Amino acid sequence: MPVLRNIGSLARCLADGPQSELHEVRQAALAWDDARVLWAGPEADLPRSFRDMPAEDARGCLVVPGLVDCHTHLAFGGWRAGEFEQRLRGDTYQAIAARGGGILSTVAATRALDQAALVARCRGFLAAIGALGVTTVECKTGYGLDEATELRLLHVYDTLRREGPQRIVATLLAAHALPPEYRDRRGEYLRLVTERLIPQAASGGLAAFCDVFVEEGAFTPDEARTVLRAGLAAGLRPKLHVDQLGPGGGGELAAELGAVSADHLEHLSPAGIEAMARAGTVAVSLPLASLTLAQPPMPARRCLEAGVPVAVATDFNPGSAPSYHLPMVMSLACTLQRMTPAEVLKGVTIVAARALGMEDRVGSLEPGKLADFAVIDAPDVTHWLYHLRPNACRRTVVGGQTIWSVRAATPQPEVVP
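Residues numbered from 1 in each chain as written. Predicted model: local features only at pLDDT ≥ 70, side-chain atom pairs only at ≥ 80, totals over all residues. Heavy atoms only, no water.

1. As for the overall build of the chain
Here is step 1: Helices and strands together make up the secondary structure of the chain, namely 15 helices and 16 strands.
Here is step 2: For 417 residues, the compact-globule formula gives about 22 Å, and the C-alpha radius of gyration of the chain, at 21 Å, lands near that figure.
Here is step 3: Each of the three principal axes of the chain carries a C-alpha extent, and together these read 70 × 45 × 45 Å.
Here is step 4: Out of the 417 residues belonging to the chain, those deemed buried represent 58%.
Here is step 5: Of the accessible surface of the chain, which amounts to about 15,700 Å², a share of 52% is contributed by carbon and sulfur atoms. (Helix = DSSP H or I, 4+ residues; strand = E, 2+ residues; numbered from the N terminus. Rg over C-alpha atoms; globule rule 2.2 N^0.38 Å. Buried < 20%, exposed > 50% of the residue type's maximum accessible area, 1.4 Å probe, protein only. Areas by Shrake-Rupley, 256 points an atom, 1.4 Å probe, with all protein chains shown as cover.)

2. Things to note about the confidence of the model for the chain
Segments scoring low in pLDDT should not have their predicted coordinates read at a detailed level.
Here is step 1: In this model, the chain carries a mean pLDDT of 95, and residues with pLDDT of at least 70 account for 98%.
Here is step 2: Mean pLDDT values for the elements of the chain range from 80 in helix H2 (residues 93–98) up to 99 in strand E6 (residues 67–69).
Here is step 3: Here residues 409–417 scores under 50 on pLDDT; set against residues more than four positions off or in separate chains, the count is 19 contacts. (pLDDT = per-residue confidence, 0-100. Contact = heavy atoms within 4.5 Å.)

3. Let's talk about helix H6 (residues 186–203)
Here is step 1: With 18 residues, H6 extends 25 Å between its outermost C-alpha atoms, agreeing within 8% with the 26 Å of an ideal straight helix rising 1.5 Å per residue.
Here is step 2: The sharpest bend along H6 reaches about 35° and sits at leucine 197, with the proline proline 199 one to four residues further on.
Here is step 3: Regarding H6, the residues found buried are Tyr189, Leu190, Leu192, Val193, Thr194, Leu197, Ile198 and Ala201.
Here is step 4: Packed against the buried residues of H6 are helix H5 (147–163), strand E8 (167–175), strand E9 (209–213) and helix H7 (221–234).
Here is step 5: Backbone geometry just downstream of H6 places glycine 205 in the positive-phi region, at approximately 65°. (Expected span 1.5 Å × (residues − 1). Bend = angle between axes of the 7 residues up to and from the residue.)

4. Remarks on the layout of surface pockets
Here is step 1: A volume near 420 Å³ is recorded for the largest pocket.
Here is step 2: Ala97, Leu104, Ala177, Gly217 and Ala218 are the residues nearest the centre of the largest pocket, which is lined by 20 residues in total.
Here is step 3: A per-element tally of the lining of the largest pocket places H2 first, with four residues.
Here is step 4: Partitioned by chemical class, the residues of the lining of the largest pocket number 12 nonpolar, four polar and four charged. (1 Å grid on protein atoms, 1.4 Å probe; cavity = no way out; pocket = protein on both sides within 12 Å on 5 of 7 lines; lining within 4 Å. Points joined across faces, edges and corners; volume = space filled by probe spheres on them. Nonpolar A, V, L, I, M, F, W, Y, C, P; charged D, E, K, R; others polar.)

5. A closer look at the pattern of salt bridges
When the charged atoms of two side chains with opposite charge come close together, those side chains can pair.
Here is step 1: Per the counting criterion, the structure on display carries 27 salt bridges.
Here is step 2: The shortest N-O distance in the salt bridge between arginine 301 and glutamate 305 comes to 3.9 Å. Highlighted residues: arginine 301 and glutamate 305, both in helix H11 (residues 300–305), separated by four residues, approximately one helical turn.
Here is step 3: The class of arginine 301 is partly exposed, set by a relative accessible area of 26%.
Here is step 4: Given the relative accessible area of 62%, glutamate 305 is considered exposed.
Here is step 5: Taken together, the shared-partner salt bridges connect Asp222, Arg225, Arg229 and Glu256 into one network. (Salt bridge = Lys/Arg side-chain N within 4 Å of Asp/Glu carboxyl O.)

6. Description of unusual backbone geometry
Excluding glycine, residues mostly carry a negative phi; peptide bonds, for their part, are mostly trans.
Here is step 1: In the segment running from glycine 164 into proline 165, the intervening peptide bond is cis, with an omega of 5°.
Here is step 2: One can find proline 165 in the loop between H5 and E8.
Here is step 3: Residue aspartate 243 is not a glycine yet carries a positive backbone phi of 55°.
Here is step 4: Residue placement: aspartate 243 occurs in the loop between strand E10 (237–242) and helix H8 (250–256).
Here is step 5: A positive phi is found at alanine 294, a non-glycine position, where the angle reads about 55°.
Here is step 6: In this structure, alanine 294 sits in the loop between helix H10 (287–292) and H11.

7. Considerations on empty space enclosed by the protein
Here is step 1: Going through the model one piece at a time under the given rule, you end up with two cavities of 30 Å³ or more.
Here is step 2: As a volume, the largest cavity reaches approximately 110 Å³.
Here is step 3: Every residue along the wall of the second largest cavity is listed here: Leu132, His325, Pro327, Trp384, Leu385, His387, Leu388, Arg389, Asn391, Ala392 and Cys393.
Here is step 4: Residues that form the lining of the second largest cavity fall into these classes: seven nonpolar, three polar and one charged.

Quick look at the structure:
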């Protein structure tokens, strides 16, 4: 049962108070047993029973809860670097998709990989993600779009969840795009999702959430209602990709369906903000995707002022957000969306945990919570996000076990075919 002493700043990130309140403790200590936090507070107040425990020195660093990336598309085949230049030359997301690019090009590359290849690729990503201080990762399907491949992706995530070290949360996003073989059989594909994929994902414990991309060229609000109600009946909680490329009443739809989160929201309406505030739906901001697709930033300030909690995530995928660097995305949330560093840190800890229904276990440093934390080479969160470095994380701990430190071997390299 070790004690981490000489913490310059301990950001506990409790659920209480406004999103700007980090419940920060200066000159702090953190004690944990094999898996859970026992004490988090001023070192001077450390209980006598912990004072003889083995001590570790934080060397004046910032200590934060393990970061939670609550929106990624971790398992995919190939990359789409060519689309980067196409967008720079003026092509839109929709125009690239209409030519066979976008999601469907990744679907073809993903279908070509077997489970072992996908697991190996994801392990490489997760090693690098863990080195950044990220201890929990939500992972969506959506690059299979047929029964076999969607289930393969869920089994990839189940393998990663079982072997660790990070906590993996799987989301079924079979309603990501209409696969080409169902172009003239839209209703049949929706029946495949609702009558076959959802029951298998739920009964096998392979997914916790069901998600739908609601956008022109993807799925309609009524189709989302059909899919998400089927998911909810099977025990999968609803999430939504909405209001990304244009206004579509996505915030209102998320509130109506009781969605745990509504993600993207670049074109969120004032009525949508009010509806989400009443429903308690978390808004998940994905500023890297906004930047990449030249969309207006999600109106985070208006959400926060209306009482809507705002999480921040990478949206890691090969097209619109080709980076898993959550600290970089945190800095973007500050500069593009005018969120304060404290609001952003809470947005990748306790609020992101709420977007995954895990706020009772992760996202804050307090007795009884899982001992997931990161040691950051910065005096405080403002300096960390202001002075963006390749990696300021010195140590990452999951369930009391160190999975990364600057004294350990370098992370496993990414597997990039």
